[in-house]
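Coordinates in review
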Amino acid sequence: MSERDLLMIPGPINFDPGVLRAMSAPTAGHTAPEFVALFGETLDWMKQVFLAPSGTPFVIAGSGTLAMDIAASNLVQASDRVVQISTGYFGDRMVNIFERYGAKVTTLRADVGDVVALDLVDAELARVKPKVLAMTHVDTSTGVCVDVHAFAELGRKHNALVVVDGVCSVGGMELQQEAWGVDVAFTASQKAIGVPPGLALLVASPRALESFKKRESPVASYYSDWANWLPIMEAYLARKVAYFGTPAVNLVYALHESLRQILAEGMDKRVARHKKMSDAFKAGVNAIGLKQVAVRPDVAATTMTAPYFPDGIDAKVIGKIRERGVVVAGGLHSAIRERYFRVGHMGVISPADISATLSAIEGALLASGYKFDVGAGVAASEKAM
Ligand SMILES: *Cc1c(COP(=O)(O)O)cnc(C)c1O
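The following refers to the structure shown.

The rules behind these values
- Residues numbered from 1 in each chain as written.
- Predicted model: local features only at pLDDT ≥ 70, side-chain atom pairs only at ≥ 80, totals over all residues.
- Heavy atoms only, no water.
- Helix = DSSP H or I, 4+ residues; strand = E, 2+ residues; numbered from the N terminus.
- Rg over C-alpha atoms; globule rule 2.2 N^0.38 Å.
- Buried < 20%, exposed > 50% of the residue type's maximum accessible area, 1.4 Å probe, protein only.
- Contact = heavy atoms within 4.5 Å.
- Areas by Shrake-Rupley, 256 points an atom, 1.4 Å probe, with all protein chains shown as cover.
- Lys, Arg positive; Asp, Glu negative; His and termini not counted.
- Charge placed at Lys NZ, Arg CZ, Asp CG, Glu CD.
- Pairing = 2+ DSSP bridges.
- Phe/Tyr/Trp six-rings, centres within 6.5 Å; stacked < 30°, edge-to-face > 60°.
- Lys NZ or Arg CZ within 6 Å of the ring centre and 35° of its normal.
- Axes fitted to C-alpha atoms, helices over the stretch in contact; angles between N-to-C directions.
- Parallel < 35°, antiparallel > 145°, perpendicular 65-115°, else oblique.
- Nonpolar A, V, L, I, M, F, W, Y, C, P; charged D, E, K, R; others polar.
- 1 Å grid on protein atoms, 1.4 Å probe; cavity = no way out; pocket = protein on both sides within 12 Å on 5 of 7 lines; lining within 4 Å.
- Points joined across faces, edges and corners; volume = space filled by probe spheres on them.
- Domains from an automatic or database assignment.
- Arc of directions from axis to C-beta.

A look at the overall build of the protein
In terms of regular secondary structure, the protein is built from 13 helices and 14 strands. The C-alpha radius of gyration computed for the protein amounts to 21 Å, which stays within 12% of the reference 21 Å derived for 385 residues, consistent with globular compactness. Its C-alpha atoms put the protein at 65 × 55 × 30 Å along the principal axes. Put simply, the protein has 385 residues, and 61% of those count as buried. By sequence separation, contacts in the protein at least 24 residues apart represent 71% of the contacts at least 6 residues apart. Carbon together with sulfur atoms contributes 53% to the accessible area of the protein, which is approximately 15,100 Å² in total. Both charge centroids of the protein, one from 38 positive and one from 39 negative side chains, sit 2 Å from each other.

Have a look at this one:
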């Protein structure tokens, strides 16, 4: 990949140069006063980005899958019941993780590209009476987005802890953790948060921590155990030193800078910008005749798009898009893997990036023999911008 290529996959994304520069500063000791102050401020800002003023933030070295592991291992004990809404690959992964910790999981699986109906979830919650209701806000394998607000309300009604995998949404789509009654929300640094891969980011509600404190059995994962991390996060929040595992100091520098930028833009504006870029990109994709995996606009994410290849075109077109300087991702959902591709448009995404990506897709389709009105995608996106 050339340094000038556009990385348009659903994470990692193109990072702001200021964030990358922050990361290259000399590494402080994790007990140095200036690092304690910076980490403390970073944790305060996490609560603002997650819109969870009463929440406890955790920043732990690892990928998004670690965040999933932390949520599952701390909240469930053997034989606890879980209802998982699965809209694709990552929902299914969450089921595996819950089961690894002994939970009895009822999986409500949506058809590919669709979501699970609210009344079905309501009925299953009434029947199963689970300890946890979990969902993936945006399943990155399909670009399908669920109505977290509505599902969380149902979870609350049935007295379940609500867990949201926000790895492809936090910092790009609206997720009001506290106001919507979400107990655990998490993401990873490399998606809409805009920081190189390597940090699991999670915020737990007071209810989630109460439930954790009432556990009878220890958390089976030593590294994920809140008993180890809670005192550390509480110490840094109070601008005090504590040690369990060495924090990823330079990634925390980058996170500090990125959260600063996110809050300077403002959460509402940022969400609106992502929607605008997404609407423009989707208008372009539609105009050149590509259907999306998400079956309706109201279930489509605004951080990414998953278009099907048109008839007669296969995954080889991805290589041709790359030759034009734009990197997009292949399929991930096993039922349709060879039939679609995935484009991320989150973080510091600009109108120029959207146009360049559509132009590269059009060029690659043209070179692959697809018959369409060349330029129509770029034109439609410009009109929607
Ligand atoms: C990327 C992603 C994950 C996994 O994150 P990793 O950093 O790859 O471990 C989990 N859930 C969703 C929705 C994701 O998009």
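A few points about the sheet that holds strand β14 (residues 341-344)
Within the open sheet, the 3 strands sit side by side as β11-β14-β13. Their pairing is antiparallel. At either margin of the open sheet sits one strand with a lone partner, and together these are β11 (304-305) and β13 (329-330). For β11 and β14, the ladder comprises 2 bridges, and the chain directions are antiparallel. By the bridge assignment for β14, Thr305 is matched with Val343.

Here's the deal with the packing of aromatic side chains
Taken as a whole, this structure holds 13 aromatic pairs when the rule is applied. Consider the rings of Phe35 and Tyr253, whose centres lie 6.4 Å apart with planes at 65 degrees: the pair is edge-to-face. In this pair, Phe35 is assigned in helix α2 (residues 33-49) and Tyr253 in helix α9 (residues 249-265), connecting sequence segments 218 residues apart. Residues Phe309 and Phe341 carry aromatic rings whose centres are separated by 5.4 Å and whose planes lie at 10 degrees to one another, so their mutual orientation is stacked. Residue Phe309 is found in the loop between β11 and α11 (316-323), and its partner Phe341 is found in strand β14; the two are separated by 32 residues along the sequence. Through a chain of ring-to-ring contacts, three or more aromatic side chains come together here, namely Phe35, Phe39, Tyr236 and Tyr253. Sitting over the ring of Phe90, Lys191 keeps its end group 5.5 Å from the ring centre.

Some thoughts on the packing of α9 against helix α10 (residues 267-287)
Between α9 and α10, the shortest axis-to-axis distance is 5 Å and the interhelical angle comes to 90 degrees. Of the possible angle classes, the one that applies to α9 and α10 is roughly perpendicular. On the side of α9, the interface is formed by Ile262, Leu263 and Glu265, while α10 contributes Met267, Lys269, Arg270 and Arg273. Grouping the amino acids of the contact of α9 with α10 by side-chain chemistry returns 3 nonpolar, no polar and 4 charged.

Some words on empty space enclosed by the protein
If a probe as big as a water molecule is rolled over the atoms, it shows which places are left empty. This structure, assessed with the given rule, holds 3 cavities of 30 Å³ or more. Considering only enclosed or pocket space, the largest cavity measures out at about 90 Å³ in volume. Lining of the largest cavity is provided by 18 residues; of these, Val59, Trp229, Gly245, Thr246 and Pro247 occupy positions nearest its centre. Put simply, the parts of the chain that give the lining of the largest cavity at least two residues each are β2 (56-61) and α8 (226-237). The dominant element in the lining of the largest cavity, judged by the number of residues it contributes, is α8, at 4 residues. Tallied by class, the residues present in the lining of the largest cavity amount to 16 nonpolar, 2 polar and no charged. There is about 70 Å³ of room inside the second largest cavity. Considering the residues around the second largest cavity, the lining is formed by 13 residues, among which Gly194, Ser258, Gln261, Arg270 and Val348 are closest to the centre. Here the lining of the second largest cavity is built from residues that sort into 6 nonpolar, 5 polar and 2 charged. A domain-level breakdown of the lining of the second largest cavity finds at least three residues from each of domain 1 (6-11 + 267-384) and domain 2 (17-265).

Observations concerning the pairing of β14
With burial as the criterion, each face of β14 is covered, one bearing Phe341 and Val343 and the other bearing Arg342 and Gly344. Strand direction decides the pairing type here: β13 and β14, joined by 2 bridges, are antiparallel. Paired with Gly330 across the strands is Phe341, a residue of β14.

Let's talk about helix α7 (residues 206-213)
Ala208, Leu209, Ser211 and Phe212 are the residues of α7 that are buried. All buried residues of α7 lie within an arc of 160 degrees about the axis, which places them on one face of the element.

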